[in-house]
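Residue strings, one per chain:
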There are 2 protein chains.
Amino acid sequence: MSSHVKKSMSNNSKTPKKITSPLGSKDKRIPTMTDVAKLAGVSQMTVSRVMRKSGYLSDDIVSRVHDASEQLGYVHNRLAGGLAGADSSLIGVVLPNLQNRVFSEVLSGIVGAASDNGVQPVFGVSDYSQTTESTLALDLLAWRPQGLILSGIEHSKKLRETLASSNIRIAEIMDTDGPPIDTCFGFSHRLAGKEMAIHLLEKGYRKFAYVGSQHALDLRAKKRYKSFSKTIQAEGAQLVTQRITEHPSSTLVGRECTESILNGDDKPEVIYYANDDLAAGGLMHCLAKQITVPEQVALAGFNGLTFLEALPQRITTTRTPRFEIGTAAARFVTGQTTRDSKSKKQVFDVSIIAGETS
Amino acid sequence: MSSHVKKSMSNNSKTPKKITSPLGSKDKRIPTMTDVAKLAGVSQMTVSRVMRKSGYLSDDIVSRVHDASEQLGYVHNRLAGGLAGADSSLIGVVLPNLQNRVFSEVLSGIVGAASDNGVQPVFGVSDYSQTTESTLALDLLAWRPQGLILSGIEHSKKLRETLASSNIRIAEIMDTDGPPIDTCFGFSHRLAGKEMAIHLLEKGYRKFAYVGSQHALDLRAKKRYKSFSKTIQAEGAQLVTQRITEHPSSTLVGRECTESILNGDDKPEVIYYANDDLAAGGLMHCLAKQITVPEQVALAGFNGLTFLEALPQRITTTRTPRFEIGTAAARFVTGQTTRDSKSKKQVFDVSIIAGETS
DNA sequence: TGTTACTATGTTTGCGCAAACATACTATGG
DNA sequence: CCATAGTATGTTTGCGCAAACATAGTAACA
């Protein structure tokens, strides 16, 4: 009839709350602003002001409070502060993945911009699952963050609705192909796919192959793929073969898919990879098998990751501003930049890097 | 005479708090547990129990509360919960860097283990600065986290002292060469450097070179370097040359340093790199310049990053369990595992991967 | 049938802080 | 010399929740 859940144990304090010596002994009470205030001979409110550097403060008071605080080992309690005040100085961040360099660079940008503003990110990883993303994002809301950063513009209905009516700033990043909840920061993957198609068509290639991974999950790669193949077909060229695995992308997967394609019957003139990791794997395969690039087969990746610079040949790819997108999104949700009244989309430039593999 | 700081503006509520309709309209009051309780016809405390799945609850009540909560768009306020209760269900994480794959893998492990436990990580990046680390970690304490995860065992004196007397769990990760504040999870870099030295000595190499980066900051790389060079010297071999840049490590830097060494006078038989990125750069240089590896020069890296698997030659390296360390540390600070009364060090195995480059 | 143990709820209270609103003091100018 | 603006502090109050402590109903058993 009823759910049973473990009862929480009662605590074991022997004496009902007793103010003990400030430091050193165990079982000590954690000092509060009031303790600091008493020691410094000021009011609790003054301590609060000193901690937050807000309002008018004489130098004398400031140093007295700092001394007292130091002496007691006082640590500001932001939970209480957030409850009493309005702001929590937290932002929520949900990314699909961290293994992928792209997202750790984005996160780098976010963390950098946030900490410039004294704001800390609380963090979740969705593993490309909309359900997980939704759960995480909703959980993060419980911390009353100033804002939330999500990846992509596809989210569960419930999440979209909750966030839309939440009053906090929402930044959706890495994609602008669709309507954002609040403001999105990124670029058009459709355009990026199309541009690479045009670039390769202009080079004279007509027989294409595609290598991708996690297509069911990585909707942005899928968008590039679709507009890429549409564009080449519109020009009378064709996708002779493709390999799309459900594994997470990696150099190794790229290498294996490339080998499979080049051992197959439908030999392409050029392979378009969903990202640079896969493309680098392709190049490694060609190097190992003495296949000359781009003469025997040309290669193109996506993202412009810096490790490409060290490869024996520069891979043709699309440069994307990942760090900058992270920075802009964090600035936005922390209120360092204002909401653009005209546009809900902040579109960043992407550009083809014409490398030596095409 | 005195510090002036901008006064905060007063708010602009026209009517003194008025309960408006639950959803849809702007300027609405954010619903609280009491609102949910009224709608569900129960007490606030019962709502609290439902939210936290704690205590005894009848199925009827649970669904009524859920319905009411849904209807109002209620979002649990963890700030208040953390203040009233004991636990904050947050952990603090400070890492030196995110660009480095090593730390994003560690973070992956942390995030995974933490979210298994319903705990969210709050996050900071120290950029390898002890001062920044200290500031960040102390700031994170303001959120009353269950625990804190830091990198390495070298920290500012103040941070060590504060944390030691803080009662919360502290995990120091990636290094066990020294006394931890609480418990450390990692491996001995001294041993790792020594083992690679022995491995290479056994292969017969006698003339060594070293390539490193950010030596002043990356104390763990420095430890490997020191014990590596000590070990080879003890065997009568020598470090004929080295390149240590202050740049962050990257494949490109590795490539450049390798070129510089191989163009120099003191030609080594083998180059030991501070990490795999640098080593991969070295291999790239050799590939590009048709230098045969390991005949003309042997190479060894550190970490065992997965992207090595796709390179034309498997690089000799030391495999380190980064993800596992992150997982173990997160489990520890979230209380999923207990503090080991015997040992303050959880030492993980590292193992030499004998590749094709040595 | 009463006693006990369990199950399921409610009531009171205070966590630590910052907003809002005083208050008091100091310079400045007419 | 007083009004005024600016500067520097203090007092009261309540944010939203969960611990602690009731209380009341129900089942189990002698």
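Refer to the structure above for everything that follows.
Everything in this summary refers to the structure shown in the same document. (Residues numbered from 1 in each chain as written. Chains lettered and ligands numbered in written order. Predicted model: local features only at pLDDT ≥ 70, side-chain atom pairs only at ≥ 80, totals over all residues. Heavy atoms only, no water.)

## A look at the overall build of chain A
Line of reasoning, step 1. Within chain A, the secondary structure is distributed over 12 helices and 14 strands.
Line of reasoning, step 2. In terms of its C-alpha atoms, chain A occupies a principal-axis envelope of roughly 85 × 55 × 40 Å.
Line of reasoning, step 3. Looking at chain A residue by residue over its 358 residues, the buried ones come to 56%.
Line of reasoning, step 4. If you take every contact in chain A between residues at least 6 apart in sequence, the share linking residues at least 24 apart comes to 68%.
Line of reasoning, step 5. Of the roughly 16,200 Å² of accessible surface on chain A, a fraction of 50% belongs to carbon and sulfur atoms.
Line of reasoning, step 6. Within chain A, one finds 43 positive and 36 negative side-chain charges whose respective centroids are separated by 8 Å. (Helix = DSSP H or I, 4+ residues; strand = E, 2+ residues; numbered from the N terminus. Buried < 20%, exposed > 50% of the residue type's maximum accessible area, 1.4 Å probe, protein only. Contact = heavy atoms within 4.5 Å. Areas by Shrake-Rupley, 256 points an atom, 1.4 Å probe, with all protein chains shown as cover. Lys, Arg positive; Asp, Glu negative; His and termini not counted. Charge placed at Lys NZ, Arg CZ, Asp CG, Glu CD.)

## Re the sheet that holds strand S10 (residues 270–273) of chain A
Strand-to-strand pairing in sheets goes through backbone hydrogen bonds, with the strands running parallel or antiparallel.
Residue and element names in this part refer to chain A.
Line of reasoning, step 1. Taking strand neighbours across the sheet as the criterion, the four strands line up as S9-S8-S10-S11 in an open arrangement whose pairing is parallel. If you trace the sheet from one side to the other, it starts and ends with strand S9 (238–245) and strand S11 (298–300), each paired once. Strand-to-strand twist of the sheet, defined as the mean angle between neighbouring strand axes without regard to direction, takes the value 20°.
Line of reasoning, step 2. In terms of strand pairing, strand S8 (residues 207–213) meets S10 through four bridges, oriented parallel. Counterpart to Val211 in the pairing with S10 is Tyr273.
Line of reasoning, step 3. Taken strand by strand, helix H8 (residues 189–202) contacts S8, S10 and S11, and its axis lies near 165° from that of S10.
Line of reasoning, step 4. Helix H9 (residues 219–234) contacts S8, S9 and S10 of the sheet and is inclined by roughly 165° relative to S9. (Pairing = 2+ DSSP bridges. Axes fitted to C-alpha atoms, helices over the stretch in contact; angles between N-to-C directions.)

## A short note on the relation of the copies chain A and chain B
Line of reasoning, step 1. In screw terms, the move from chain A to chain B is a rotation of 180° and a rise of 0.1 Å along the axis, fitting with an RMSD of 0.1 Å. Both chain copies can therefore be described as sitting about a two-fold axis.
Line of reasoning, step 2. A share of 100% of interface residues in chain A that are also interface residues in chain B marks the association as one of identical surfaces. (Least-squares fit on C-alpha atoms with pLDDT ≥ 70 in both.)

## Quick look at the packing of helix H1 (residues 33–40) of chain A against helix H2 (residues 44–52) of chain A
Residues and elements named next belong to chain A.
Line of reasoning, step 1. With their axes 8 Å apart at the nearest point, H1 and H2 run at an angle of 105° to one another. Taken together, the axis directions place H1 and H2 in an arrangement best described as roughly perpendicular. Contact with H1, carried on its side by Met33, Thr34, Val36 and Ala37, involves Gln44, Val47, Ser48 and Met51 of H2 and no other residues of that element.
Line of reasoning, step 2. Of the residues contributing to the contact of H1 with H2, the split by class is five nonpolar, three polar and no charged. (Parallel < 35°, antiparallel > 145°, perpendicular 65-115°, else oblique. Nonpolar A, V, L, I, M, F, W, Y, C, P; charged D, E, K, R; others polar.)

## Notes on the sheet that holds strand S11 (residues 298–300) of chain B
Residue and element names in this part refer to chain B.
Line of reasoning, step 1. If you trace the four strands from one edge of the open sheet to the other, you get S9-S8-S10-S11, paired in parallel fashion. Looking at the sheet topology across the chains shown, the edges are occupied by strand S9 (238–245) and S11. Ignoring strand direction, the axes of neighbouring strands in this sheet form an average angle of 20°.
Line of reasoning, step 2. Sheet strands touched by helix H10 (residues 251–263): strand S8 (207–213), S9 and strand S10 (270–273). Its angle to S9, the strand with the most contacts, is close to 140°.

## Here we look at the side chain of A:Arg78
Line of reasoning, step 1. Structurally, the position occupied by A:Arg78 is in helix H4 (residues 78–84).
Line of reasoning, step 2. Buried charge A:Arg78 goes without a salt bridge, the closest partner of opposite sign being B:Asp139 at 4.4 Å.
Line of reasoning, step 3. Those residues in contact with A:Arg78 that sit more than four places away from it in its chain are A:Ser89, A:Gly118, A:Gln120, B:Asp139, B:Ala142 and B:Trp143. (Salt bridge = Lys/Arg side-chain N within 4 Å of Asp/Glu carboxyl O.)

## Focus on a positive patch on the surface
All names here are of chain A.
Line of reasoning, step 1. Taken together, the side chains of Arg190, Lys194, Lys222, Lys226, Lys230 and Lys345 make up a positively charged region of the molecular surface.
Line of reasoning, step 2. At the level of secondary structure, the elements contributing two or more residues to the positive patch comprise H8 and H9.
Line of reasoning, step 3. The element best represented in the positive patch is H9, accounting for three residues. (Patch = residues over 30% accessible without salt bridge, like charges linked within 9 Å, V, L, I, M, F, W, Y side chains within 5 Å.)

## A short note on the interface of chain A and chain B
Line of reasoning, step 1. Contact residues are listed per partner, giving 62 residues for chain A and 62 residues for chain B.
Line of reasoning, step 2. Taken together, both faces of the contact between chain A and chain B bury some 5,900 Å²; the carbon and sulfur share is 58%.
Line of reasoning, step 3. Among the residues of chain A in contact with chain B, A:Leu79, A:Trp143 and A:Arg144 are the three that bury the most area, contributing 12% of the side total.
Line of reasoning, step 4. Seen at the junction of chain A and chain B, the total is two salt bridges.
Line of reasoning, step 5. In this structure, the connection of chain A to chain B is made through 11 residue pairs in polar contact (both at pLDDT 80 or more).
Line of reasoning, step 6. Ranked by residues supplied to the side of chain A that touches chain B, first place goes to helix H5 (residues 101–116) of chain A with six residues.
Line of reasoning, step 7. Within the side of chain A that touches chain B, the residues separate by chemical class into 31 nonpolar, 16 polar and 15 charged. (Buried area = accessible area lost by both parts, 1.4 Å probe. Polar contact = N/O pair within 3.5 Å; in protein donor to acceptor, adjacent residues only side chain to side chain.)

## Focus: the packing of aromatic side chains
Line of reasoning, step 1. Counted according to the given criterion, the structure contains 13 aromatic pairs over all chains.
Line of reasoning, step 2. Ring plane angle 45° and centroid distance 4.5 Å describe the contact between A:Tyr210 and A:Tyr225, whose orientation is recorded as tilted. Remark: A:Tyr225 occurs in helix H9 and A:Tyr210 occurs in strand S8; sequence separation between them is 15 residues. For the pair formed by A:Tyr210 and A:Tyr225, the shared burial category is buried.
Line of reasoning, step 3. Both rings, one in B:Phe208 and one in B:Phe228, keep their centres 5.6 Å apart while their planes meet at 80°; by these two values the pair is edge-to-face. Here B:Phe208 is found in strand S8, whereas its partner B:Phe228 is found in helix H9 (residues 219–234), with 20 residues between them in sequence.
Line of reasoning, step 4. Note on B:Phe228: relative accessible area 0%, which makes it buried. (Phe/Tyr/Trp six-rings, centres within 6.5 Å; stacked < 30°, edge-to-face > 60°.)

## Some thoughts on empty space enclosed by the protein
Residues and elements named next belong to chain A.
Line of reasoning, step 1. Within the structure shown, the criterion is met by four cavities of 30 Å³ or more.
Line of reasoning, step 2. In terms of lining residues, the largest cavity is bounded by 15 residues, among which Asn100, Val102, Asp218, Arg224 and Asn303 are the most central.
Line of reasoning, step 3. At the level of secondary structure, the elements contributing two or more residues to the lining of the largest cavity comprise H5 and H9.
Line of reasoning, step 4. For the lining of the largest cavity, the element with the most residues is H9, which contributes three residues.
Line of reasoning, step 5. In the lining of the largest cavity, the residues fall into eight nonpolar, four polar and three charged.
Line of reasoning, step 6. Mapped onto the domain boundaries, the lining of the largest cavity takes at least three residues apiece from domain 2 (90–187 + 323–350) and domain 3 (189–319). (1 Å grid on protein atoms, 1.4 Å probe; cavity = no way out; pocket = protein on both sides within 12 Å on 5 of 7 lines; lining within 4 Å. Points joined across faces, edges and corners; volume = space filled by probe spheres on them. Domains from an automatic or database assignment.)

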